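Each chain is listed here by its residues.
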Amino acid sequence: MTDVFGGHRELLFSIVYNMLGSVSDTEDVLQDTWLAWSSRDPDEIGNPRAYLVRIAVNQALAHQSALRRRRETYVGPWLPEPLVHDADGAEDVVRGESVSLALLVVLETLTPLERAVFILHEVFAFQHTEIAGMLGRSPAAVRQLAHRAREHVQARRPRNRVDAHVQQEVTERFVAAAFGGDLDALMELLAPEVTLWADGGGKSVVGGPRPVRGRDKVARLLVARTAQPMEGLDIQYRETNGDPSAVVFVENAPFAVMVVDLTSDGSQVRDIYTVANPDKLSRVRREPRPGPS
């Protein structure tokens, strides 16, 4: 039983994390899933993978109401907890099915059932009939949920992935301009309708009470925030939720994770996601810089 659960654990983690956007809540759900799994007679379970996914998905749905209540009292914009990959790539294999931070923000606007169906079908390629069995719904109801979710996501985030090399280049140019206080460069990089989402959870000076919209406001806010130099500043470029990102450390402690989402042609930044709530950065580790040879 332990070996079978261990063999499916990362699949379960990816599904549940994409449903909840929180690592700690995902771990809680996996613990509940393990308890349900370990109490069963394995001879009674014909398809362990389907059984484990069904238990995990329904446990995650049960967590949704508590999460929504928690977010109602959250200070400022709420962003998902970032999955920052280690430089050695160890987590790339483990959690390679995590969707982008930008898409997770869009998924927050779906109902819990729509989100579950979207993730299971669009990300993990489960069939509608399989999902129907997991959720206790008819295949027709699942197809309707899938259709609504897909239309909703497509309207807010068309499916066009910018090349990773382009996103990396723009991310580095954006960081250089923001931390260098270069207002002109920022005005050139930012799309007119750009939005800055800064999640500090009331525990970081980076966070704000609400998203900031518009090129001029965002550029001037970024320049104002970086006007005072920070001691022990170290910016590392890492992969976060499958996308290039900038991970900011101050005096060896994680300070913020910054992900930029680009316009469809990759020429400008349309959204900036900055996660600075220290509770969401507790798992982020600074990579050592290579010493002199």
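Residues numbered from 1 in each chain as written. Predicted model: local features only at pLDDT ≥ 70, side-chain atom pairs only at ≥ 80, totals over all residues. Heavy atoms only, no water.

Moving on, we get to the packing of helix H6 (residues 112-123) against helix H8 (residues 139-156). Packing of H6 against H8 brings their axes to within 8 Å, and their N-to-C directions diverge by 90 degrees. When the axis of H6 is compared with that of H8, the two are roughly perpendicular. Mapping the contact onto sequence places Leu113, Glu114, Val117, Phe118, His121 and Glu122 in H6 and Val142, Leu145, Ala146, Arg148, Ala149, Arg150 and Val153 in H8. When grouped by side-chain class, the residues that make up the contact of H6 with H8 number eight nonpolar, one polar and four charged. (Axes fitted to C-alpha atoms, helices over the stretch in contact; angles between N-to-C directions. Helix = DSSP H or I, 4+ residues; strand = E, 2+ residues; numbered from the N terminus. Parallel < 35°, antiparallel > 145°, perpendicular 65-115°, else oblique. Contact = heavy atoms within 4.5 Å. Nonpolar A, V, L, I, M, F, W, Y, C, P; charged D, E, K, R; others polar.)

This part is about the packing of aromatic side chains. Within a pair of aromatic rings, the relevant descriptors are the distance that separates the centres and the angle that separates the planes. Tallied over the full model, the rule gives four aromatic pairs. Ring geometry for Phe5 and Trp34: centres 5.3 Å apart, planes at 65 degrees, overall edge-to-face. Here Trp34 lies in helix H2 (residues 23-38) and Phe5 lies in helix H1 (residues 2-20), a separation of 29 residues in the sequence. On the basis of relative accessibility, which here comes to 24%, the residue Trp34 falls in the partly exposed class. Considering the side-chain rings of Trp37 and Tyr51, the 5.9 Å spacing of their centres and the 45 degrees angle between planes classify their relative orientation as tilted. In this pair, Trp37 sits in helix H2 while Tyr51 sits in helix H3 (residues 48-72), placing the two residues 14 residues apart along the sequence. In this structure, Trp37 and Tyr51 share a single accessibility class: buried. (Phe/Tyr/Trp six-rings, centres within 6.5 Å; stacked < 30°, edge-to-face > 60°. Buried < 20%, exposed > 50% of the residue type's maximum accessible area, 1.4 Å probe, protein only.)

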